[in-house]
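Single-letter residue listing:
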2 protein chains.
Amino acid sequence: MAGRETITLTPAQRLAWLRLVRTDNVGPVTFRQLLNRFGSAEAAIDALPALGKKAGRPLNVISQARAEDEIAGLARYGARLVAQGEADYPEHLNYIAGAPPIITMAGGQKLDWQRSIGIVGARTASTAGIKMTRLLASDLGAKGYVVVSGLARGIDSAAHRAALETGTIAVLAGGFDRIYPDENIPLAHDILDSGGALLTEMPLGWEPRARDFPRRNRLVSGLSLGVVVVEAAKRSGSLITARLALEQDREVFAVPGSPLDPRAEGGNLLIQQGARLVTCADDIIEGLGNINPARRMLFDPEWQPESGGDAAPPAETDRARLLEALSTTPVEVDELIGQTGIAPHAMQILLLELDLTGQVEWSSGQLVGLRHN
Amino acid sequence: MAGRETITLTPAQRLAWLRLVRTDNVGPVTFRQLLNRFGSAEAAIDALPALGKKAGRPLNVISQARAEDEIAGLARYGARLVAQGEADYPEHLNYIAGAPPIITMAGGQKLDWQRSIGIVGARTASTAGIKMTRLLASDLGAKGYVVVSGLARGIDSAAHRAALETGTIAVLAGGFDRIYPDENIPLAHDILDSGGALLTEMPLGWEPRARDFPRRNRLVSGLSLGVVVVEAAKRSGSLITARLALEQDREVFAVPGSPLDPRAEGGNLLIQQGARLVTCADDIIEGLGNINPARRMLFDPEWQPESGGDAAPPAETDRARLLEALSTTPVEVDELIGQTGIAPHAMQILLLELDLTGQVEWSSGQLVGLRHN
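Since we're looking at a predicted model, the values are computed, not measured.

(A) Fine view of the overall build of chain A. Within chain A, the regular secondary structure consists of 14 helices and twelve strands. Relative to the globule expectation of 21 Å for 373 residues, the C-alpha radius of gyration of chain A, 21 Å, shows essentially globular dimensions. With the C-alpha coordinates aligned to their principal axes, the bounding extent of chain A is approximately 65 × 45 × 40 Å. Of all 373 residues assigned to chain A, the portion counted as buried reaches 54%. A sequence separation of at least 24 residues applies to 73% of the contacts in chain A between residues at least 6 apart. Carbon and sulfur atoms provide 50% of the accessible area of chain A, an area that totals close to 16200 Å². One finds the centroid of the 37 positive side-chain charges in chain A at a distance of 4 Å from the centroid of its 44 negative side-chain charges.

Laid out in structure tokens, this is it:
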């Protein structure tokens, strides 16, 4: 894509990537750190038991058989695993914090993944909101844009339906076999039948929990040049998507509405905060002209294992000192290094161990703090 | 007001100001030029017949009796004439291009003319638009702001009504005895009874024509710190008021609405062009914080007659040369001087004569061009 050099994993590598991604507490950031430290997913998997032991908690790496089962199960759904760096990996996702190392997708081979716009909004949308969504989605489709959304009720569904003929991408919050809500299973089939795509970063069989929806939303915005919010309350998933889109340096568009209509509160608020007011597809396309196409690559898929393997391992006192310095307020690693005096290489290993054992968590891929429990 | 030195016209001066203001083609700019050149309204009136003769067209100065009739007539309506520079002249009006040299007003003695917000919108407003207007006007009133509007049907009327208790100012497009529309005569009385104000720059007996409404709108915005547009079509008087407000360096606020509602088109367009989206009175008050209170005084009420009275009068060939240089596209006087080589003083006299005889017109008080016929 876009002339970038791509990799193709061997079946054994893909299996190892999948096992590592599916290991407890291995998020996108930890995955990259493990590959960085051990050189390959296979080597990281071999090293995990010892890492867990050091941090005082066992680590559950999923078995090779379970990973093989997932791959076989996905094939039955016509879905495939795509790793970051591979040709099919959506280009725009490379530039978001916490890009999933591996995604499951089906369909979408002929879509223009580069010209993609997210449309999100209320599940309990008004008739006018649905009508507006249809207008925007079909007009954007007619002008060559692919419509990305989350397959939810209301605005999401209307956006997908109106873009079936021209191309649409649905991002799931759960596994491929756990489409939510049930009533949208036929829509998911229609999307695939029409050449659209379904994708998720979650394992087969994963039932989506509340916290998985904001996580999914970062992929809706991450896959898109910009996101349009059609009807949204002040505290809503759509506003989270808009915030994530801003963090990802994507354009945010909002459809205005009467201040007397609670469903317009979110959109009006976004406009007050700087989102572009849009009334038609052309307003959106015009707004995309302002997007800076030179994005910062957060995770280079052509990473190399680091050469510092011989540096001194962390001392036992370092781990205690680090745990004392950490709080639930996330801070930068450099601050932790400055405060504790722990050497950078030892700090990296300690954080990796604490991350793998669920004791710390990363925000935006750059800040680290104690995990809230 | 605001510590500025004020003048008080003698009855004779007031009569002369009124006669001069009511003379054909004597607009605010010409009025100032005449006072500048002749030192007083009385002297200007004496000089007008000769000026008209030079420019080849007779000039109708209204008679002293007619001016006296107007003053007597106004008294019957409880109205008074207020000249620019006098204590009662609304402070904000001093800073607009073409501030009326004299206005007719009634009531308003206890209003805080400095804390004033214009609310304008569609005559054929929706129920939601009327409700929104009432909310904004009554909340602004409760927070100490005076509501300015144009006494039209729809949004204007709703704004005045909701602000009766707290203070409201209605600007008329015609004479004091020609309130338009008729159905709002009771509202005009209610405004006066509640301590509000009515004002106009037009003579008693003047029936408002279509072109008088945009002219009136410049006073609605000119009297206000900012203007709120509630419901407005794309081509509407409210959008003209918003444009005038911007030219006058006033803040422009707009209430958003669904793109599917034609009455929201004007407001949404204004927001796209940079107006502040507002959903409540606090949004407006917050937006006023950005207003630069250091305004440029366009016409200093403490003018002095210029001393260049002895400079050479224009040559006959100058007039022909100037008429040739002018077109209906307004240009700056300095450009005309540069192009024609006519001396500045002579240029001023020629433009004054052409202005008085209706051959040229001024835009924004600074650009001059041939009058469209």
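(B) Representation of the interface of chain A and chain B. Between chain A and chain B, the contact holds 17 residues from the first and 17 residues from the second. Both sides together, the interface formed by chain A and chain B hides about 1300 Å², and carbon and sulfur atoms give 77% of it. Taken together, chain A and chain B are joined by zero salt bridges. Taken together, chain A and chain B are joined by four residue pairs in polar contact (both at pLDDT 80 or more). Every element with two or more residues in the side of chain A that touches chain B is listed here: α5 (127-142) and α10 (265-272) of chain A. Its residues placed into classes, the side of chain A that touches chain B shows ten nonpolar, five polar and two charged.

(C) Just the confidence of the model for chain A, in detail. Residue and element names in this part refer to chain A. Overall, the predicted model of chain A reaches an average pLDDT of 89, with 92% of residues at or above 70. In the model, residues 298-310 has pLDDT below 50 throughout and makes 29 contacts with residues more than four positions away in sequence or in other chains. Overall fold confidence (pTM) sits at 0.81, and the ipTM for the predicted complex is 0.77.

(D) Broad picture of the packing of helix α12 (residues 316-325) of chain A against helix α13 (residues 333-340) of chain A. Residues and elements named next belong to chain A. Between α12 and α13, the least distance of the axes is 10 Å, while the angle of their chain directions is 120 degrees. Classed by the angle they form, the pair α12 and α13 counts as oblique. Judged by the twist between their axes, the crossing of α12 over α13 is right-handed. Here α12 contributes R321, L322 and A325 to the contact with α13, which in turn contributes L336, Q339 and T340.

(E) How the structure looks around the relation of the copies chain A and chain B. Under the fitted operation, chain A is carried onto chain B by 0.0 Å of movement along the axis and a turn of 180 degrees, and the coordinates agree to an RMSD of 0.1 Å. Taken together, these values place the two copies in the relation of a two-fold axis. Judged by C-alpha distance, G257 of chain A is the residue of chain A that lies nearest the rotation axis, at 1.9 Å. A share of 100% of the interface residues of chain A reappears at the interface of chain B, consistent with the copies meeting face to face through the same patch.

(F) Seen up close, the sheet that holds strand β10 (residues 331-332) of chain B. Residues and elements named next belong to chain B. With antiparallel pairing, the three strands of this open sheet are ordered in space as β10-β12-β11. Looking at strand neighbours, the two that pair on one side only are β10 and β11 (360-363), the edges of this open sheet. Where β10 meets strand β12 (residues 367-370), two bridges bridge the pair, whose relative direction is antiparallel. Paired with E332 across the strands is L367, a residue of β12.

(G) Focus on helix α7 (residues 185-193) of chain B. Among the residues making up α7 of chain B, those that are buried are L187, A188 and I191 of chain B. The buried side chains of α7 of chain B occupy one side of the element, clustering within an arc of 105 degrees when seen end-on.

(H) Region of interest: the packing of aromatic side chains. For the structure shown, the criterion picks out four aromatic pairs over all chains. Note that R115 of chain B overlies the ring of Y145 of chain B, its terminal NZ or CZ placed 4.3 Å from the centroid.

(I) Region of the structure containing the pairing of strand β5 (residues 168-171) of chain B. Residue and element names in this part refer to chain B. Neither face of β5 is open: one carries T168 and A170, the other I169 and V171, and all of them are buried. Since strand β4 (residues 146-149) and β5 lie parallel, the crossover through helix α6 (residues 155-162) that links them has a hand, and here it is right-handed. Note that the unit made of β5, α7 and strand β6 (residues 197-200) has a crossover that is right-handed.

(J) Just the nonpolar core, in detail. I169 of chain A together with I169 of chain B are the most contacted members of the largest nonpolar core, which has 62 residues in total. What I169 of chain A contacts, discounting residues up to four positions off in sequence, is L111, W113, V146, V147, V148, S149, H160, A197, L199 and L223 of chain A.

(K) Geometry of the pairing of strand β5 (residues 168-171) of chain A. Where strand β4 (residues 146-149) of chain A lies against β5 of chain A, three bridges are found, and the strand directions are parallel. Looking at β5 of chain A, one finds that S149 of chain A is bridged to A170 of chain A.

(L) Summary view of the environment of P49 of chain B. Residue and element names in this part refer to chain B. Along the chain, the position of P49 falls in helix α3 (residues 41-54). A residue is classified by how much of its surface remains accessible, and P49, at 49% relative accessible area, is partly exposed. A sequence separation of 42 residues divides P49 from E91, and the C-alpha atoms of the two residues are 34 Å apart.

(M) Fine view of the environment of V252 of chain A. Counting through the fold element by element, V252 of chain A comes out in strand β8 (residues 251-254). Leaving out residues up to four positions away in the same chain, V252 of chain A has contacts with V227, A242, A245, L246, L270, A275 and R276 of chain A.

(N) A look at unusual backbone geometry. Residues and elements named next belong to chain A. With an omega of -5 degrees, the peptide bond running from Y180 to P181 counts as cis. Its place among the elements puts P181 in the loop between β5 and α7 (185-193). Located in the positive-phi region is L151, a residue other than glycine, with phi close to 60 degrees. Looking at the element boundaries, L151 is found in the loop between β4 and α6 (155-162).

(O) Looking closely at the packing of helix α13 (residues 333-340) of chain B against helix α14 (residues 344-356) of chain B. All names here are of chain B. Taken N-terminus to C-terminus, the directions of α13 and α14 make an angle of 115 degrees; their axes are 10 Å apart at the nearest point. Relative to α14, α13 is oriented so that their crossing is right-handed. Mapping the contact onto sequence places V333, L336, I337 and T340 in α13 and P344, M347 and L351 in α14.

(P) The sheet that holds β5 of chain B, seen in detail. Residues and elements named next belong to chain B. Here nine strands make up an open sheet; going across it, the order is β1-β2-β6-β5-β4-β3-β7-β8-β9 and the pairing mixed. On the outer flanks of this sheet lie β1 (80-83) and β9 (276-277), each paired with one strand and no other. Note that strand β3 (residues 116-120) and strand β7 (residues 226-229) share four bridges and pair parallel. Bridge assignment links V120 to a residue of β7, and that residue is V229. Sheet strands touched by helix α8 (residues 212-222): β3, β4, β5 and β7. Its angle to β5, the strand with the most contacts, is close to 160 degrees.

(Q) Up close: α10 of chain A. For α10 of chain A, the set of buried residues is G266, G267, N268, L270 and I271 of chain A. The secondary structure elements touched by the buried residues of α10 of chain A are β7 (226-229), α9 (237-247), β8 and β9 (276-277) of chain A together with α10 (265-272) and β9 of chain B. Just past α10 of chain A, the residue G274 of chain A takes up positive phi, approximately 120 degrees.

Thresholds, definitions, all that
- Residues numbered from 1 in each chain as written.
- Chains lettered and ligands numbered in written order.
- Predicted model: local features only at pLDDT ≥ 70, side-chain atom pairs only at ≥ 80, totals over all residues.
- Heavy atoms only, no water.
- Helix = DSSP H or I, 4+ residues; strand = E, 2+ residues; numbered from the N terminus.
- Rg over C-alpha atoms; globule rule 2.2 N^0.38 Å.
- Buried < 20%, exposed > 50% of the residue type's maximum accessible area, 1.4 Å probe, protein only.
- Contact = heavy atoms within 4.5 Å.
- Areas by Shrake-Rupley, 256 points an atom, 1.4 Å probe, with all protein chains shown as cover.
- Lys, Arg positive; Asp, Glu negative; His and termini not counted.
- Charge placed at Lys NZ, Arg CZ, Asp CG, Glu CD.
- Buried area = accessible area lost by both parts, 1.4 Å probe.
- Salt bridge = Lys/Arg side-chain N within 4 Å of Asp/Glu carboxyl O.
- Polar contact = N/O pair within 3.5 Å; in protein donor to acceptor, adjacent residues only side chain to side chain.
- Nonpolar A, V, L, I, M, F, W, Y, C, P; charged D, E, K, R; others polar.
- pLDDT = per-residue confidence, 0-100.
- Axes fitted to C-alpha atoms, helices over the stretch in contact; angles between N-to-C directions.
- Parallel < 35°, antiparallel > 145°, perpendicular 65-115°, else oblique.
- Left-handed = near helix turned anticlockwise from the far one by under 90°.
- Least-squares fit on C-alpha atoms with pLDDT ≥ 70 in both.
- Pairing = 2+ DSSP bridges.
- Arc of directions from axis to C-beta.
- Phe/Tyr/Trp six-rings, centres within 6.5 Å; stacked < 30°, edge-to-face > 60°.
- Lys NZ or Arg CZ within 6 Å of the ring centre and 35° of its normal.
- Right-handed = clockwise from strand over helix to strand, strands pointing away.
- Core = buried A, V, L, I, M, F, W, Y, C linked by side-chain atoms within 4.5 Å.

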